[in-house]
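Observations on the three-dimensional arrangement
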Amino acid sequence: MSTEVGSPVAGLATAISEVPDPVFSQAMVGPGVAVQPSGGRADAVAPVAGMVATLHPHAFVIASPGGAAILVHLGIDTVKLKGEGFELHVAKGDVVEAGQRIVTWDPSEVESHGYSSICPVVVLDVASDALTDVREDGQVVAGDPLFAVGA
Amino acid sequence: MAQDKAAAILAALGGGDNVVEIEPCITRLRCEVEDGSKIDEAALKAAGAHGVMVQGPVVQVVVGPEADTLAEDIEDLR
């Protein structure tokens, strides 16, 4: 059974190798797709149903019942913003539905601080060939499938 | 086990005295050290790091989502 992973934000789906951070572009923590968000303040939503395993203002991990853990990182080096401009709607340990809003943030504001607002969506600790139906170009809206993971 | 990993990472960073600050992000430990030459990249990778990036006194150790827990364990050891 494979798990479909949806986009957490609306924007332009992009190859993960384009992310300006070696941890993501070299898939050090796992393979995935990046989305360059369009527009201003918006919700970032859960890419899969599951449990909120890790939660920072600027990033979160959802562990799906199928075993895949999906990391969504809102912008690059955004840990340095110390949560400013990020509004959380869930708590660590919460069980969420795919598409449920997790964080409200503003990609334009992130960029105004000099950071990239691109959002890597990564499956943690799996081989790169675990992804199928990968979409890494073209516009997506939140919830549109980016890839599937698992056999 | 996790404590051993934290200890191994701390040792590879040059020990508690060499570490100025450790901040966990979701995939990595961001560490500031006194002396960058004391960092043992091979030992960090042997301790389980997926990758190591050194920029002067700032070292990023890529450890995956257990970064939060590891950072707490390392703080306990310092």
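Above this text sits the structure in question.
Residues numbered from 1 in each chain as written. Chains lettered and ligands numbered in written order. Predicted model: local features only at pLDDT ≥ 70, side-chain atom pairs only at ≥ 80, totals over all residues. Heavy atoms only, no water.

**Digging into the packing of aromatic side chains**
Residues and elements named next belong to chain A. Tallied over the full model, the rule gives one aromatic pair over all chains. Residues Phe 86 and Trp 105 carry aromatic rings whose centres are separated by 6.1 Å and whose planes lie at 10 degrees to one another, so their mutual orientation is stacked. Of the two residues, Phe 86 is situated in the loop between β7 (69–73) and β8 (87–88) and Trp 105 in strand β10 (residues 101–105); the sequence distance between them amounts to 19 residues. Taken individually, Phe 86 and Trp 105 each receive the classification buried, so the pair is uniform in this respect. (Phe/Tyr/Trp six-rings, centres within 6.5 Å; stacked < 30°, edge-to-face > 60°. Helix = DSSP H or I, 4+ residues; strand = E, 2+ residues; numbered from the N terminus. Buried < 20%, exposed > 50% of the residue type's maximum accessible area, 1.4 Å probe, protein only.)

**A word on the environment of Met 28 of chain A**
Mapped onto the fold, Met 28 of chain A is located in the loop between α1 (22–25) and β3 (32–37). Look at Met 28 of chain A and you get buried, because its relative accessible area is 16%. Through-space distance from the C-alpha of Met 28 of chain A to that of Ala 98 of chain A is 25 Å; in sequence the pair is 70 residues apart. Those residues within four positions of Met 28 of chain A in sequence are excluded, and the remaining contacts are Pro 22 and Val 23 of chain A together with His 50, Gly 51 and Val 62 of chain B. (Contact = heavy atoms within 4.5 Å.)

**Some details on the side chain of Asp 21 of chain A**
Tracing the chain through its elements places Asp 21 of chain A in the loop between β2 (11–15) and α1. From its side chain, Asp 21 of chain A meets the backbone nitrogen of Val 23 of chain A in a polar contact 2.8 Å long. Within the structure, Asp 21 of chain A has its side chain in polar contact with the side chain of Arg 28 of chain B (distance 3.0 Å). Each residue touching Asp 21 of chain A, except ones within four places of it in the same chain, is listed here: Ile 76 and Asp 77 of chain A together with Arg 28 of chain B. (Polar contact = N/O pair within 3.5 Å; in protein donor to acceptor, adjacent residues only side chain to side chain.)

**Structural notes on the environment of Gln 26 of chain A**
Residue and element names in this part refer to chain A. Inspection of the secondary structure assignment puts Gln 26 in the loop between α1 and β3. A relative accessible area of 55% means that Gln 26 is categorised as exposed. For the pair Gln 26 and Ile 16, spaced ten residues apart in the sequence, the C-alpha separation amounts to 8.1 Å.

**A look at the sheet that holds strand β3 (residues 51–55) of chain B**
Residue and element names in this part refer to chain B. With antiparallel pairing, the four strands of this open sheet are ordered in space as β1-β2-β4-β3. Pairing within the sheet leaves two strands with one partner each, and these edge strands are β1 (19–24) and β3. Averaged over all pairs of adjacent strands, the angle between their axes in this sheet comes to 15 degrees, without regard to strand direction. Relative to strand β2 (residues 28–33), β1 runs antiparallel, the two sharing five bridges. Looking across to β2, one finds that Ile 22 is bridged to Cys 31. On top of the sheet, helix α3 (residues 67–77) reaches β1 and β2; it is set at about 150 degrees to β1, its chief contact. (Pairing = 2+ DSSP bridges. Axes fitted to C-alpha atoms, helices over the stretch in contact; angles between N-to-C directions.)

**Considering the interface of chain A and chain B**
Taken together, the 20 residues of chain A in the interface contact 14 residues of chain B. Of the roughly 1300 Å² buried where chain A meets chain B, counting both sides, 66% is carbon and sulfur surface. Summed over the three residues of chain A that lose the most area to chain B, namely Met 28, His 56 and Val 79 of chain A, the buried surface amounts to 33% of that side. One can count three salt bridges joining chain A with chain B. At the level of elements, α1, β5 (50–56), β6 (59–63) and β7 of chain A are the ones that each hand at least two residues to the side of chain A that touches chain B. A per-class count over the side of chain A that touches chain B returns eleven nonpolar, four polar and five charged. (Buried area = accessible area lost by both parts, 1.4 Å probe. Salt bridge = Lys/Arg side-chain N within 4 Å of Asp/Glu carboxyl O. Nonpolar A, V, L, I, M, F, W, Y, C, P; charged D, E, K, R; others polar.)

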